[in-house]
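Structural overview
This is what each chain is made of:
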Amino acid sequence: MFQRAGSSRSFPKHFNPGTTGSSSGNSASVPDHGSKVSARSETSLLVLNAPEPPPPWQELSGRVRRAVLAEVNRPSSLTKCFVSVLRGLFPILRWGRHYDRKSFRRDLMAGLTLASLGIPQSIGYANLAKLDPQFGLYSSFVPPLIYAVMGTSRDIAIGPVAVVSLLLSSMTQKLVDPYTHPETYRSLVLTATFFAGIFQASFGFFRLGFVVDFLSHATIVGFTGGAAIVIGLQQLKGLLGINHFTNNTDVVSVIKAVWFAVHQPWNPDNFLIGCSFLVLILIVRSIGLRKRKLFWLAAIIPLLSVILSTLLVYLTRADKHGVKIIRQVKEGLNPSSVKQIQLTGPFIGETAKIGLICAIIALTEAVAVGRSFAAVRGYQLDGNKEMVAMGFMNIAGSLSSCYVATGSFSRTAVNVSAGCETTVSNMVMAITVFASLQLLMKLLYYTPVTILASIILSALPGLIDIKEACRIWRVDKMDFLACLGAFLGVLFGSVEIGLLTAVIISFAKIIISALVPKTEMLGRIQGTDIFCSMRQYPSAVETPNLLILRIDSPFLHFMNANSVKERIFARITGGCDATMTRFVVLDMSNVTHIDTSGIPAVEEIHKKLTSNGVQLAIANPGWRVIHKMKLAGLVDIIGEEWIFLTVSEAVEACGCGNEEDSSLSG
């Protein structure tokens, strides 16, 4: 099949076996190229004599040590060590020493502005989570205080959010009906929040942030878009004043419930009040977006709408004519919920699963929000510390009647626009919420339920990012498929089905790329020692009598070893000069890991090439790859003299570099 190049262990034209300790072959070398051979031998020794890579357990222990002792720089005493750890866990101890009155004034205004938006939103999101209104306010009190002393973001605003509220209620109500067993439902929600905090803190301590990356950007775009539509349809219950509504979240069930409800006797006053204030909120918000100086108007319009609608209902006694009102909201400080955390019982497994999913979704949203604003304002966000802070605030929240809280994009944008300097703005907001819980809850008695639906509906357009979905379609069709899978799964199935569909598609993309990795044929850019893909760079020229192949996969393992082997054989036999091939250079610079299936595949490639008189050379194997090749004896089989640091050295050693140069000059 191939033209035989001599013996299977024949040396290249300019190779001097004496320089590598070999006892066979001609020891003479061409004087003109002796320095090149010597240099090549030295670089080959760098590949072969690299130190052993650290074992996996050592890397894991190093991660934990860096996470726990990140701020410790070998202090001279135990006290200094303790202080360093405290500063690592509580960043406020570092920047708090330089906090001044000017920063406090800005944070005070930002916190008050934030509270004016957060209070009505929190009440509405509690309704979305199928909890009493005060639980939304509880979640805007304790978690922001904990985050203020532990978080690293200066801008992020903490509290309940729409997507997590929907996620929590849609999964928990499958275990217990929130209307027939409200206390048990509430207990499961608090337990799920406790588990969410445990998972989040563990991700941060053990530097497991990659778990959050399982939900790709495309997945989040599709998921939030679908969730926004589902949330909007759910709010039709409050907007229309419907008494009986479906607990299902899929669009078909919701539309059926709405269709049935509108054909029953219903009061149009709820719809009129809700739509009027929804239009008002959207108009004022658009004005605030166009004129940056009026951002505060967009921030306070939800609270202003609550006040105006409450006065309207109270003065007209509309509650006597069918307008649904909140009625009693429990006032006072968050009660302890330690005894409501259920760590035993029939629902413990399902509750832990709900906590894990909520933890990942909440972290994904918070880290994305924090990083985007940190990039704009020019500082670095520590993702692992953010996870620890989020974990501790949700653990503390679950023990004080709060459900899962995270960073909100809309409230964070308001916080930044209001001029916040530090997390003190979260403290101001929390204190304002506390004052409201103590003094103002009785004033919410006549607040119409429809206004809460309007406030939630007004926040949903920001969750549907059509422009980003179009960009994903243009850039990566497979990512768009994951985006579409999440969107349709949430819309026509459930929140869990949407997430599961998107994750399966994302993993399928990874598995397909791992199962069928590409192998590229490389050519030389004329006048250089640079070798690159001949498909990507058509100007690259093929080297005579030499085939250079690159494996474009970080892994050479059981999933793709046979595929890579077959593709390499196909490349060799399918080339136009296959019968003249004397050498094959395998560029393994992209391969970082090889297992006990990949090593025999390389060995079989070598044996088959050798039996046909073709010599195999390996260029730039990864650190762990060359280590495993030496342990398996593959280096001895191929020959140390055929392991190279770069492709250009391998080409030169094969004696083809000068032939190509002369052919080009001719």
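Report follows, based on the coordinates. These figures come from a predicted structure and were not determined experimentally.

**Brief notes about the packing of helix α5 (residues 101-128) against helix α14 (residues 295-316)**
The interhelical angle for the contact between α5 and α14, taken along N-to-C directions, is 40°, at an axis separation of 8 Å. Put simply, α5 runs oblique to α14. In the packing of α5 onto α14, the handedness of the crossing is left-handed. Residues T113, S116, L117 and P120 of α5 touch α14, and the partners they reach there are F295, A299, I300, P302, L303 and V306. Residue composition of the contact of α5 with α14, by class: 8 nonpolar, 2 polar and no charged.

**Considerations on the packing of aromatic side chains**
On inspection of all chains with the given rule, the structure shows 12 aromatic pairs. Aromatic pair W473 and F480: ring centres 5.1 Å apart, planes at 75°, arrangement edge-to-face. Overall, W473 belongs to the partly exposed group, its relative accessible area being 44%. Connected via pairs of aromatic rings, a cluster forms that spans Y314, Y445 and Y446. In this structure, R154 packs its charged tip against the face of Y379, placed 4.1 Å from the ring centre. The lysine or arginine in question, K608, covers the ring of F569, its NZ or CZ lying 4.4 Å from the ring centre.

**Considering the sheet that holds strand β7 (residues 583-587)**
Taken together, 6 strands build an open sheet; the order of strands is β4-β3-β5-β7-β9-β10 and the sheet is mixed. Unpaired on one side and paired on the other, β4 (531-533) and β10 (643-644) mark the two borders of the sheet. Pairing analysis gives 3 bridges linking strand β3 (residues 518-524) to β4, with the strands arranged antiparallel. Bridged to L522 within β4 is S533. Its contacts with the sheet put helix α24 (residues 598-611) on β7 and β9 (615-619), and the angle it makes with β9 is roughly 145°.

**Focus: helix α15 (residues 348-377)**
Structural remark: α-helix, 3.6 residues per turn; residues separated by three or four positions point the same way. Helix length check: α15, at 30 residues, gives a terminal C-alpha distance of 42 Å against a target of 44 Å (1.5 Å per residue), a fit within 8%. Looking one or two places after α15, you find G378, whose phi comes out positive at around 80°.

**Focus on a nonpolar patch on the surface**
A cluster of nonpolar side chains, contributed by F210, F214, F507, I510, I511, L515 and V516, occupies part of the molecular surface with about 600 Å² of accessible area. Of note, F507 is situated in helix α22 (residues 495-515).

**Considerations on the layout of surface pockets**
Computed from the structure, the largest pocket encloses a volume of approximately 1,600 Å³. Taken together, 48 residues make up the lining of the largest pocket; nearest its centre are V369, F409, S410, G462 and L463. Examining the composition of the lining of the largest pocket, we find that 9 residues originate from one element, α15, more than from any other. Classifying every residue of the lining of the largest pocket gives 27 nonpolar, 14 polar and 7 charged. By volume, the second largest pocket amounts to about 820 Å³.

**So, the environment of A50**
Within the fold, A50 resides in the loop between α1 (34-48) and α2 (56-68). In this structure A50 comes out as partly exposed when scored by relative accessible area, which is 24%. Taking the C-alpha atoms as reference, A50 lies 8.1 Å from H627; in sequence the two are 577 residues apart. The residues touching A50, leaving out its near neighbours within four places in the chain, are W623 and K630.

**Quick notes on unusual backbone geometry**
Positive phi outside glycine occurs at S401, with the angle close to 65°. With respect to the secondary-structure elements, S401 resides in the loop between α16 (383-398) and β2 (406-408). On the basis of relative accessibility, which here comes to 2%, the residue S401 falls in the buried class. Even without a glycine there, the phi angle at N620 is positive, about 50°. Topologically, N620 is positioned in the loop between β9 and α25 (623-631). Given the relative accessible area of 30%, N620 is considered partly exposed.

**Considering the pattern of salt bridges**
Within the structure shown, the criterion is met by 12 salt bridges. Linking E421 and R106 is a salt bridge whose minimum nitrogen-to-oxygen distance equals 2.9 Å. Here E421, found in the loop between α17 (409-417) and α18 (424-439), pairs with R106, found in helix α5; they are 315 residues apart in sequence, far enough to count as distant. Take E421: its relative accessible area is 26%, and that puts it in the partly exposed class. Classification of R106 by relative accessible area gives partly exposed; the value is 38%. Linking D476 and K509 is a salt bridge whose minimum nitrogen-to-oxygen distance equals 3.0 Å. On the criterion of sequence distance, the pair formed by D476 in the loop between α20 (466-475) and α21 (477-492) and K509 in helix α22 is long-range, its members being 33 residues apart. Look at K509 and you get partly exposed, because its relative accessible area is 28%.

**Considerations on α20**
Residues E468, A469 and I472 constitute the buried set of α20. The buried side chains of α20 occupy one side of the element, clustering within an arc of 105° when seen end-on. Turned more than 90 degrees away from the buried face of α20 sit I466, K467 and R474, all of them exposed. Elements that come into contact with the buried residues of α20 comprise α10 (217-234) and α21.

About the criteria used
- Residues numbered from 1 in each chain as written.
- Predicted model: local features only at pLDDT ≥ 70, side-chain atom pairs only at ≥ 80, totals over all residues.
- Heavy atoms only, no water.
- Axes fitted to C-alpha atoms, helices over the stretch in contact; angles between N-to-C directions.
- Helix = DSSP H or I, 4+ residues; strand = E, 2+ residues; numbered from the N terminus.
- Parallel < 35°, antiparallel > 145°, perpendicular 65-115°, else oblique.
- Left-handed = near helix turned anticlockwise from the far one by under 90°.
- Contact = heavy atoms within 4.5 Å.
- Nonpolar A, V, L, I, M, F, W, Y, C, P; charged D, E, K, R; others polar.
- Phe/Tyr/Trp six-rings, centres within 6.5 Å; stacked < 30°, edge-to-face > 60°.
- Buried < 20%, exposed > 50% of the residue type's maximum accessible area, 1.4 Å probe, protein only.
- Lys NZ or Arg CZ within 6 Å of the ring centre and 35° of its normal.
- Pairing = 2+ DSSP bridges.
- Expected span 1.5 Å × (residues − 1).
- Patch = residues over 30% accessible without salt bridge, like charges linked within 9 Å, V, L, I, M, F, W, Y side chains within 5 Å.
- Areas by Shrake-Rupley, 256 points an atom, 1.4 Å probe, with all protein chains shown as cover.
- Salt bridge = Lys/Arg side-chain N within 4 Å of Asp/Glu carboxyl O.
- 1 Å grid on protein atoms, 1.4 Å probe; cavity = no way out; pocket = protein on both sides within 12 Å on 5 of 7 lines; lining within 4 Å.
- Points joined across faces, edges and corners; volume = space filled by probe spheres on them.
- Arc of directions from axis to C-beta.

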